[in-house]
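Below, each chain spelled out in residue letters.
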Amino acid sequence: MRRVLALLLAVLAASHAPAQKAPSLRSYFADASPVREGGVKVIPIQTPKGTFKVWTKRFGNNPRIKLLLLHGGPGSTHEYFESMEGFLPAEGIEFIYYDQLGSARSDQPKDRDLWTTERFVEEVEQVRKALGLGKDNFYLLGHSWGGILAAEYALKYGANLKGLIISNMMMSIPDYNRYAAEVLAKGMDPAVVKEVRELEAKGQYDNPRYMELLIPHFYAKHLCRLAEWPDAFKRSSAHANSDIYVLMQGPSEFGASGRLEKWDRKADLPKLAMPTLVIAGTHDTMDPAHMKWVAGQVRHGSFLLCPQGSHMSMWDDQRTYHEGLIRFLKETDAGRKTVTFGAP
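Heads up: these notes are all about the structure in this document. (Residues numbered from 1 in each chain as written. Predicted model: local features only at pLDDT ≥ 70, side-chain atom pairs only at ≥ 80, totals over all residues. Heavy atoms only, no water.)

Focus: the pattern of salt bridges
Okay, so step 1: Evaluated as defined, the whole model comprises 24 salt bridges.
Okay, so step 2: The partner of Asp 175 in a salt bridge is Arg 178, with the nearest N and O atoms 2.1 Å apart. With Asp 175 and Arg 178 both in helix H5 (residues 173-184) and three residues apart, the pair spans about one turn of that helix.
Okay, so step 3: One continuous salt-bridge network, built from bridges that share partners, spans Glu 79, Glu 82, Asp 231 and Arg 235. (Salt bridge = Lys/Arg side-chain N within 4 Å of Asp/Glu carboxyl O. Helix = DSSP H or I, 4+ residues; strand = E, 2+ residues; numbered from the N terminus.)

As structure tokens, this is what we get:
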């Protein structure tokens with residue numbers, strides 16, 4: 001009886017553990033670098049094709065919560081994550097921008113053999129080591145393609161993670177393609193879909209008409225639903241490396257046809273043992289029901305639905321996205337494995 005009572009008291013104490021005190025303003029913006037560069041750190045990356053450099057930028061300082069951001073694409077940039085600046089600093093959360101090799105401020109080699117998921121995973125591990133991130137503070141957020149990369153990293157190097165966030169990404173490209181064809185395409189004007197498919201069949205992805213059709217009929221509904229796309233998102237799109245994107249994803253977000261076409265990790269999800277938050281948007285290019293299912297397959301999964309959100313939920317459902325992310329980071333830092341979010 002005494003043992004049972006002791007165990008019960010321990011459980012109650014853990015469930016009511018006080019939240020960790022946020023860093024002071026001075027400590028959050030502390031910079032001990034010999035030459036202060038605004039948090040920028042350029043990191044050499046070893047690859048089978050030689051050594052290249054990737055660009056990172058730390059925002060804030062929190063010894064317990066360090067969030068590394070993996071952008072989408074492949075070949076996009078960190079810029080569309082700038083929405084984080086409106087929410088995370090006020091909560092004392094450190095986050096790190098990072099342009100993957102081939103993107104924006106990082107080196108952009110032309111060797112096509114570099115653009116594989118496996119090599120990108122090793123790149124992230126080298127970035128982690130260079131930034132001094134570890135199991136006591138390292139949170140990894142991957143959005144879109146970054147969600148694939150984050151999942152692959154977690155499957156190989158999960159012991160390094162304090163928490164994982166898979167944002168707006170299904171764990172199966174074949175399922176994603178089925179959702180695009182059987183759900184999203186059927187919600188579009190059949191005449192538009194017909195013309196899009198005709199252009200694709202002819203390989204005319206560079207034909208201006210292709211995006212003239214997709215932007216108002218697909219991207220404006222499922223990629224970013226704001227009437228005016230944010231400057232950060234437009235800059236990120238303008239700076240994207242289309243060579244990498246087309247090679248790995250395909251020519252558009254209207255399904256995948258590149259090197260990632262057969263990627264599927266559904267069967268491996270139970271191997272993910274770290275606290276994991278899955279974020280979805282009701283209007284996403286990705287199936288929100290699938291992403292809710294993903295949260296139930298990992299060992300310690302939480303699910304956040306952005307009811308007004310699309311693929312870029314950090315922009316078109318900002319408060320739901322960022323406040324949910326902040327709550328997950330703080331509660332897992334306090335020792336909780338899962339977080340329950342109310343119905344939107």
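Some remarks on the pairing of strand E6 (residues 163-167)
Okay, so step 1: Most of E6 is tucked away: five of the five residues are buried.
Okay, so step 2: Taking every second residue as pointing to the same face, both faces of E6 are buried, with Gly 163, Ile 165 and Ser 167 on one and Leu 164 and Ile 166 on the other.
Okay, so step 3: For strand E5 (residues 138-143) and E6, the ladder comprises five bridges, and the chain directions are parallel. Note that in E6 the partner of Leu 140 across the bridge is Leu 164.
Okay, so step 4: Viewed along the sheet, the connection from E5 through helix H4 (residues 145-157) into E6 turns out right-handed.
Okay, so step 5: Where E6 meets strand E7 (residues 275-281), four bridges bridge the pair, whose relative direction is parallel. Bridge pairing in E7 places Ile 166 opposite Val 278. (Buried < 20%, exposed > 50% of the residue type's maximum accessible area, 1.4 Å probe, protein only. Pairing = 2+ DSSP bridges. Right-handed = clockwise from strand over helix to strand, strands pointing away.)

A word on the sheet that holds strand E1 (residues 40-47)
Okay, so step 1: Across the sheet, which stays open at both edges, the eight strands sit in the order E1-E2-E4-E3-E5-E6-E7-E8 with mixed pairing between neighbours. Edge positions in the open sheet fall to E1 and strand E8 (300-306), since each of these has one partner strand only. Neighbour-to-neighbour, the strand axes of this sheet turn through a mean angle of 20°, independent of strand direction.
Okay, so step 2: With respect to the sheet, helix H3 (residues 117-131) is in contact with E1, strand E2 (50-59), strand E3 (66-70), strand E4 (94-99) and E5, its orientation differing from that of E1 by roughly 135°.
Okay, so step 3: Seen against the sheet, helix H12 (residues 318-333) touches E3, E5, E6, E7 and E8 and runs at an angle of roughly 160° to E8. (Axes fitted to C-alpha atoms, helices over the stretch in contact; angles between N-to-C directions. Contact = heavy atoms within 4.5 Å.)

Remarks on H3
Okay, so step 1: With 15 residues, H3 should cover 21 Å at 1.5 Å per step; its first-to-last C-alpha distance of 21 Å lies within 8% of that length.
Okay, so step 2: One or two residues past the end of H3 sits Gly 132, with phi positive at roughly 70°. (Expected span 1.5 Å × (residues − 1).)

Brief notes about the packing of helix H6 (residues 190-201) against helix H7 (residues 208-222)
Okay, so step 1: As a packed pair, H6 and H7 sit with axes 10 Å apart at the nearest point and diverge in direction by 145°. Note on packing geometry: the crossing formed by H6 with H7 is left-handed. The residues of H7 that touch H6, namely those facing Val 192, Glu 195, Val 196, Leu 199 and Glu 200, are Arg 209, Tyr 210, Leu 213, Leu 214 and His 217.
Okay, so step 2: The residue inventory of the contact of H6 with H7, partitioned by class, reads six nonpolar, one polar and three charged. (Left-handed = near helix turned anticlockwise from the far one by under 90°. Nonpolar A, V, L, I, M, F, W, Y, C, P; charged D, E, K, R; others polar.)

Re the side chain of Ser 144
Okay, so step 1: Structurally, Ser 144 can be placed in the loop between E5 and H4.
Okay, so step 2: Of note is the side chain of Ser 144, whose polar atom sits 2.8 Å from the side chain of His 311.
Okay, so step 3: Residues in contact with Ser 144, not counting those within four places in the same chain, are Gly 72, Ser 167, Asn 168, Met 169 and His 311. (Polar contact = N/O pair within 3.5 Å; in protein donor to acceptor, adjacent residues only side chain to side chain.)

A closer look at H12
Helical geometry: 3.6 residues make up each α-helical turn, so side chains three or four residues apart lie on a common side.
Okay, so step 1: When the terminal C-alpha atoms of H12 are compared, their 22 Å separation across 16 residues agrees well with the 22 Å that a helix rising 1.5 Å per residue should span.
Okay, so step 2: For H12, every residue scored as buried is listed here: Tyr 321, His 322, Gly 324, Leu 325, Ile 326, Phe 328, Leu 329, Glu 331, Thr 332 and Asp 333.
Okay, so step 3: Looking one or two places after H12, you find Gly 335, whose phi comes out positive at around 110°.

Quick notes on the packing of aromatic side chains
Okay, so step 1: Inspection of the entire model under this criterion finds 13 aromatic pairs.
Okay, so step 2: Taking the centre distance of 5.2 Å and the plane angle of 35° together, the rings of Tyr 153 and Tyr 157 count as tilted. Residue Tyr 153 and its partner Tyr 157 are both found in helix H4; the two are separated by four residues, about one turn of the helix. One exposure class covers both Tyr 153 and Tyr 157, and it is buried.
Okay, so step 3: Seen from their ring centres, Phe 218 and Phe 254 are 4.9 Å apart, and the 75° between their planes marks the pair as edge-to-face. Taken together, the residues span a long stretch of sequence, with Phe 218 in helix H7 and Phe 254 in the loop between helix H9 (242-248) and E7 at a distance of 36 residues.
Okay, so step 4: Assessed through its relative accessible area of 5%, Phe 254 is described here as buried. (Phe/Tyr/Trp six-rings, centres within 6.5 Å; stacked < 30°, edge-to-face > 60°.)

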